Every structure is written in structure tokens, then in C-alpha cells.
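# A closer look at the structure
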Amino acid sequence: MTEKIEAYFMKELSEKAGRIAVFSLGLLIPFYPARMVFLFLLATSLLPSDIQHKRLGSLLALPYSRQELFWISYLFLIAFGTVAQVIGMALFGAQFGSSTSIYWLSMLIGSISFSTAYYAVSMISVTAGLDNFGIPFLVLIADLIIGGFGNRCNNPYFYASPAHQGNVWVSGAVSLAVLLVANYLFVKKGVQK
């Protein structure tokens, strides 16, 4: 399995080198809302982009099952996002063992939750035969609007929102649930054309 993961990572880094270089610079930004933009772009440009551009057949010709392809692409997203954020933390002076390290850790967990949710939304969109960027972008806009309504204490969606993350653990659980639905649809139902 390690060879498959390594081969997929090398394939992604060689095919999408320019895009990944730009995203990596954006992921170094310590301002969380700016990083969300680059995480969103990265999440929608991996496997969902390959499916949208009809490269799924060539990927499945490699020794990957649909299940492996889904999870290895997700692992690439999380690994890349996490490494870039840890490098950004080191560059911008995170002092591990201090109170600021709690802040950086919560931002890291929030980034993983956000990436998970929008990777899953993008996968659901392309599995249904829709766009890999447009539909997730509309979902993101709706997420930002609905989560921002009224007083945050009276808005239960604020706590589950992958963008607002009123409660990191609740939004993480929602993101994980959406990811599992996306996996099920991609593996069992296939891609609609």
C-alpha cells in the first residue's frame, strides 16, 4: 500500500506542480480566512478535478480501486495541507509548548475539518455529474451565509458549519459524515456522465 501512496503522491506532484506551488505559498499565510481560500482551491483541484476532466479511466487503469483512489487522494490533501501549515507555523513564530501552540493546533484541526468537508462536497458534486468547483463554491457561500445569521448563540448551524466552526469537534464530525457519504457514492454508485 505504501508504494501506491508514494506513486499517487508523485503523480500529483508532477502533474499539478504549478498549481500546488501556488497553493503551498497560500497555505503558509497565518491568517486563517485567507488559508481557507487556498484549502478550498486545493480540495477541489485534486481527484474531483481529474474526474471532471475525464481522467478517472486512466487513474483506474493504474493498480488502484475506487476506494483506494478516494482515500489516497484525501490523504494527499490532508498531508499537504498539514505540512504547509506546520511550515507556516514555524516561519511565523509558533512557540510549541506555549499558549499560542493551542491556537495553532486549533487552526490545524479546523483546516483539516474544512478541507475534509469541501473535498467531500466536491466529490459528491462530480459523482453526480456536476462541476468540481462551481457547486462546492455555492455550498461554501451558503455555508458562510447560513452560519453567519443572527446571534451565534442562537444559530445551531454556526457550531456545525465547516467554514465558521463554532465547535471544532461538531464541525469535524459533520465533515467526517459528509466524507463517508462521498466515499459511499463514489465507490458504490460510480460517476454519472
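Residues numbered from 1 in each chain as written. Predicted model: local features only at pLDDT ≥ 70, side-chain atom pairs only at ≥ 80, totals over all residues. Heavy atoms only, no water.

## Overview of the packing of aromatic side chains
The final tally for this structure, using the stated rule, is 14 aromatic pairs. When the ring of Phe114 is compared with that of Tyr118, the centres are 4.9 Å apart and the planes differ by 45 degrees; the resulting orientation is tilted. Note that Phe114 and Tyr118 are positioned in helix H7 (residues 99-127) at a spacing of 4 residues, about one turn of the helix. Each member of the pair, Phe114 as well as Tyr118, carries the same accessibility label: buried. An aromatic cluster is defined as three or more aromatic residues linked by ring pairs; in this entry it consists of Phe40, Phe114, Tyr118, Phe133 and Phe137. Over the face of the ring belonging to Phe186 we find Arg66, whose NZ or CZ atom lies 5.2 Å from the ring centre. (Phe/Tyr/Trp six-rings, centres within 6.5 Å; stacked < 30°, edge-to-face > 60°. Helix = DSSP H or I, 4+ residues; strand = E, 2+ residues; numbered from the N terminus. Buried < 20%, exposed > 50% of the residue type's maximum accessible area, 1.4 Å probe, protein only. Lys NZ or Arg CZ within 6 Å of the ring centre and 35° of its normal.)

## What to know about unusual backbone geometry
Notably, Lys54 is not glycine yet its phi reads approximately 60 degrees, a positive angle. Of note, Lys54 is situated in the loop between helix H4 (47-52) and helix H5 (56-61). By relative accessible area, which is 73% here, Lys54 ends up exposed. Its identity is not glycine, yet Gln165 carries a phi of approximately 50 degrees, on the positive side.

## Here's the deal with helix H8 (residues 134-147)
Since one α-helical turn is 3.6 residues long, residues separated by three or four positions face the same way. Between its first and last C-alpha atoms H8 spans 20 Å; for 14 residues at 1.5 Å apiece the expected length is 20 Å, and the two agree. Among all positions in H8, only Pro136, Leu140, Asp143 and Gly147 are buried. Buried positions in H8, seen along its axis, are confined to an arc of 60 degrees and lie on one side of it. (Expected span 1.5 Å × (residues − 1). Arc of directions from axis to C-beta.)

## Observations concerning the pattern of salt bridges
Applying the stated criterion across every chain, the model contains 7 salt bridges. Between Asp50 and Lys11 there is a salt bridge, with its nearest N and O atoms 3.7 Å apart. Here Asp50 is found in helix H4, whereas its partner Lys11 is found in helix H1 (residues 2-15), with 39 residues between them in sequence. The same class applies to Asp50 and to Lys11, which are both buried. One salt bridge in this structure joins Lys16 and Glu12, with 3.0 Å as the shortest N-O distance. Neither residue differs from the other here; Lys16 and Glu12 are each classed as buried. (Salt bridge = Lys/Arg side-chain N within 4 Å of Asp/Glu carboxyl O.)

## Describing the packing of helix H2 (residues 17-27) against helix H3 (residues 32-44)
The geometry of a pair of packed helices is captured by two quantities: the angle between their axes and the separation between those axes. In the contact formed by H2 and H3, the axes pass within 8 Å of each other and the chain directions differ by 155 degrees. Classified by the angle between their axes, H2 and H3 sit roughly antiparallel to one another. The crossing of H2 and H3 is left-handed. Touching Val22, Phe23, Gly26 and Leu27 of H2 are Arg35, Phe38, Leu39, Leu41 and Leu42, all from H3. Here the contact of H2 with H3 is composed, by residue class, of 7 nonpolar, 1 polar and 1 charged. (Axes fitted to C-alpha atoms, helices over the stretch in contact; angles between N-to-C directions. Parallel < 35°, antiparallel > 145°, perpendicular 65-115°, else oblique. Left-handed = near helix turned anticlockwise from the far one by under 90°. Contact = heavy atoms within 4.5 Å. Nonpolar A, V, L, I, M, F, W, Y, C, P; charged D, E, K, R; others polar.)

## Remarks on the nonpolar core
The biggest cluster of nonpolar side chains holds 42 residues, and the ones touching the most others in it are Leu47, Phe114, Tyr119 and Met123. Elements represented by at least two residues in this core include exactly H2, H3, H4, H5, helix H6 (66-91), H7 and helix H10 (168-189). Non-local contacts of Phe114, meaning those with residues more than four positions away in its chain, are made with Tyr32, Met36, Leu39, Phe40, Leu140, Pro162, Ala163 and Gln165. (Core = buried A, V, L, I, M, F, W, Y, C linked by side-chain atoms within 4.5 Å.)

## Details of the side chain of Arg35
Tracing the sequence through the fold places Arg35 in helix H3. For the buried Arg35, no salt bridge is present, and the opposite-charge side chain at shortest range is Asp143, 16 Å distant. Looking at Arg35, its side chain comes within polar contact range of the main-chain oxygen of Leu27, at 3.2 Å. Aside from chain neighbours lying at most four places away, what touches Arg35 is Gly26, Leu27, Ile29, Pro30, Gln85, Trp104, Met107 and Ser111. (Lys, Arg positive; Asp, Glu negative; His and termini not counted. Polar contact = N/O pair within 3.5 Å; in protein donor to acceptor, adjacent residues only side chain to side chain.)

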